[in-house]
Every structure is written in C-alpha cells, then in structure tokens.
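Residues per chain are reported as follows:
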Amino acid sequence: MRVFVTGGTGLIGSAVVAELLGNGHTVLALTRSDASAQAASAAGAEPIRGGLADLDVLRAGAAQADGVIHLAFANDFSSPEALANAVAEESAALATLGEELVGSDRPFVACSGTPAVPGRASTEADPIPTEGPVGGRGRAVTGVLSLASRGVRSSAVRLPRTVHNDGAGGFAGVLTGIARQSGVSGYPGDGTQRWPAVHALDAAVLFRLALEQAEAGTSWHAVADEGDPVRDIAAVIGRRLGLPVESVPVETYGPLGVIFAADQPSSSAHTRQALGWEPKHPSLLEDLENIQP
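Source: prediction; values computed, not measured. (Residues numbered from 1 in each chain as written. Predicted model: local features only at pLDDT ≥ 70, side-chain atom pairs only at ≥ 80, totals over all residues. Heavy atoms only, no water.)

Q: Tell me what's going on with helix H6 (residues 170-182), and back it up with residues and numbers.
A: The α-helix advances 3.6 residues per turn, and as a result positions three or four apart in sequence lie on the same side. Over its 13 residues, H6 runs 18 Å from end to end, which matches the ideal 18 Å to within 8%, given 1.5 Å per residue. For H6, the elements touching its buried residues are strand E7 (162-164), strand E8 (185-188), strand E9 (194-199), helix H8 (230-241), helix H9 (257-260) and helix H11 (284-287). Of the residues one or two after H6, Gly183 is the one with positive phi, at around 80°. (Helix = DSSP H or I, 4+ residues; strand = E, 2+ residues; numbered from the N terminus. Expected span 1.5 Å × (residues − 1). Contact = heavy atoms within 4.5 Å.)

This is the structure in structure tokens:
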C-alpha cells in the first residue's frame, strides 16, 4: 500500500513509518521543514512539503495514496488559546483528508486518546470525550469515524497518556522536562491517579494493523500498561535525575492540569484479541530508566 502519513518524523510517526516500510508498504510523508524532509527521505519515505494548515497539500497527499495515517499535531500547550488553535488546525485537516477519501473504501487511521471512565479501566467501547480542553479533538475523530457511512474505511487508534521510547515522550516526558527546569520531580495531587502507557514501537505495529485490517468505524486501544500511579512515574524520574519527589500544584501543568490530575487507566483486551496485537517492548517504568541526568 502507498500510505500518506502526517506527523511521520515525530516520536510516534518515525516508528510508524519504519513499521510500514518494514512490512512492504511505501510511505509519502508530510514534512514541514527541510530537516523533516531530510529525515523522512533518510528513513526511506518520500517527503511532501507542507503542514497541517496546508489543506491543498493534504488533499494532494491523500489523492496519491492507498490509505492515510494521521499523527500530526501542533503540541502547543503553552496556553488555552494555543491549545485551542492547535485543535482547530487539526480538525480542519482531518475534515479535509476525510472528504478526499469519501467513496474510495480506502483506509483512514486517525489518532485519538484513551478516555477516562470513573472507577474502572476504559475500553474500546467507551466514547471519547468531546468536551474539555481537548474535546475538539474528540469531536474531530468522531467525525472521521462517521465517514464509515460514506465509503471510507476509517478507524481510530487511541493512544494512552504516555507513548514513550528511550525514556522520552508523552505525559511522562512532560514531567521529566518540568523536573529538569524546576529541580523537583513533581506530580499533581496525591499521585495515586493512574496513567496508561505504550512503547512507540508497539504503538506503530497497531497503526499498521489498523491500516491493514480494521473495519470501518472502529476504535482500538494502543495500551501496553493499563495504568501506572503517577507518583511511581515521578519517583523513577526523580531517582534518575537526583531530584526530590513531591506533590506540586495542578496549575504547574497549565491547560493540561485537569487531565494530569485524573485517574485514567485503560484496557486493550479487545484490541489484542481482535487484531492479534501484542506489545513486546519495555514498559514505561522500565523505559524511564533510560533518562540521563
């Protein structure tokens, strides 16, 4: 399959591109800069220059492809306004890609987040939130899944709070960055809230399986670790960096604070059984041992 990938040079995207190429697919990668284009070419993909806001480029990429995997996001959490702008940009991009694929029966795999369900681990059957700081992303992905009725084999791979590789990435990576800056390995609240996680190389396999196998309108969970207590995550970070570990105000995390403070374990039992996905790479707590002081 010739696959158009957005976000193909990021932590997750680079793993997805390698997984696709290693399994006989070819890749057309959206690249925003010369450096990204060079990285995509070096990985074996064909770069197409543009960003998520370049809707004509997105249409052209999708038109040339047998399937699309969307991973790109501005990842600007500096303020509520910046986050809202990033969500709006992504929403327009997803709508554009989807319209280009209508009636083609081609696969369109979007990324989403695992939902939080009070009192239990969320499953693939639970709806993703469409309100709150990132509710717009939920609404956009719901729109992608609705394309199943318009001749698109659309699916969503829901990613946990931390997608990691070599000790970096996701919410745990944010904790590490703040710890380096502040001199404290902090966590919000009492730290008993649980965050699910997956290694980027395992997540990449699931994106490929969804592209190849997923039925239209389905959601899948890329969850290897159902939920590690955040203070356990902070404890490893603190030990690796030689810093004290303690609770810090939720406001430390800006617009993401309310999400950081929530208990949100998640299950991938259905995904493993239906698609034959089996995570094989190190757990989050094992991988965080790669953090360097």
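Q: Let's hear about the sheet that holds strand E3 (residues 46-49): which residues, and what values?
A: Here we have 7 strands laid out as an open sheet, ordered E3-E2-E1-E4-E5-E6-E10, and parallel in their pairing. Edge positions in the sheet fall to E3 and strand E10 (218-221), since each of these pairs with one other strand and no more. Adjacent strand axes in the sheet meet at a mean angle of 25°, parallel and antiparallel pairs treated alike. In the sheet, strand E1 (residues 2-6) pairs with strand E4 (residues 67-70) via 4 bridges, with the strands oriented parallel. Along E4, the bridge assignment pairs Phe4 with Val68. (Pairing = 2+ DSSP bridges. Axes fitted to C-alpha atoms, helices over the stretch in contact; angles between N-to-C directions.)

Q: Mind laying out the sheet that holds E7, listing which residues take part and the relevant values?
A: A sheet is described by the order of its strands in space; here 3 strands give the open sequence E7-E9-E11, paired in mixed fashion. Only two strands of the sheet have a single partner each, and these edge strands are E7 and strand E11 (225-229). Averaged over all pairs of adjacent strands, the angle between their axes in this sheet comes to 40°, without regard to strand direction. Relative to E11, E9 runs antiparallel, the two sharing 3 bridges. In the strand pairing of E11, Trp195 is matched with Asp228. Strands in contact with H6 are E7 and E9; relative to E7, the strand with the most contacts, it is inclined by about 85°. Relative to the sheet, H8 contacts E9 and E11, its axis offset from that of E11 by approximately 70°.

Q: Summarise the environment of His270; cite the residues concerned and give the values.
A: Position of His270 relative to the elements: it lies in helix H10 (residues 269-275). When its relative accessible area of 41% is taken as the criterion, His270 is described as partly exposed. The sequence separation of His270 and Leu145 amounts to 125 residues, and the corresponding C-alpha distance is 18 Å. With sequence-adjacent residues up to four places away left out, His270 is seen in contact with Glu124 and Trp220. (Buried < 20%, exposed > 50% of the residue type's maximum accessible area, 1.4 Å probe, protein only.)

Q: Can you tell me about the pattern of salt bridges, naming the residues and giving the values?
A: Two side chains with opposite charge may pair up if their charged atoms get near one another. In total, this model carries 11 salt bridges according to the counting rule given. One salt bridge connects Arg49 with Asp34, and the closest N-O pair in it is separated by 2.5 Å. Highlighted residues: Arg49 in strand E3 and Asp34 in helix H2 (residues 34-43), separated in sequence by 15 residues. Given the relative accessible area of 43%, Arg49 is considered partly exposed. Residues Arg150 and Glu99 are paired through a salt bridge, measuring 2.9 Å at the closest nitrogen-oxygen approach. Residue Arg150 is located in the loop between helix H5 (135-146) and strand E6 (153-159), and its partner Glu99 is located in helix H4 (residues 80-101); the two are separated by 51 residues in the primary sequence. Residue classification places Arg150 among the partly exposed residues on the basis of a relative accessible area of 39%. Overlapping salt bridges bring together Glu19, Arg208 and Glu212 as one network. (Salt bridge = Lys/Arg side-chain N within 4 Å of Asp/Glu carboxyl O.)

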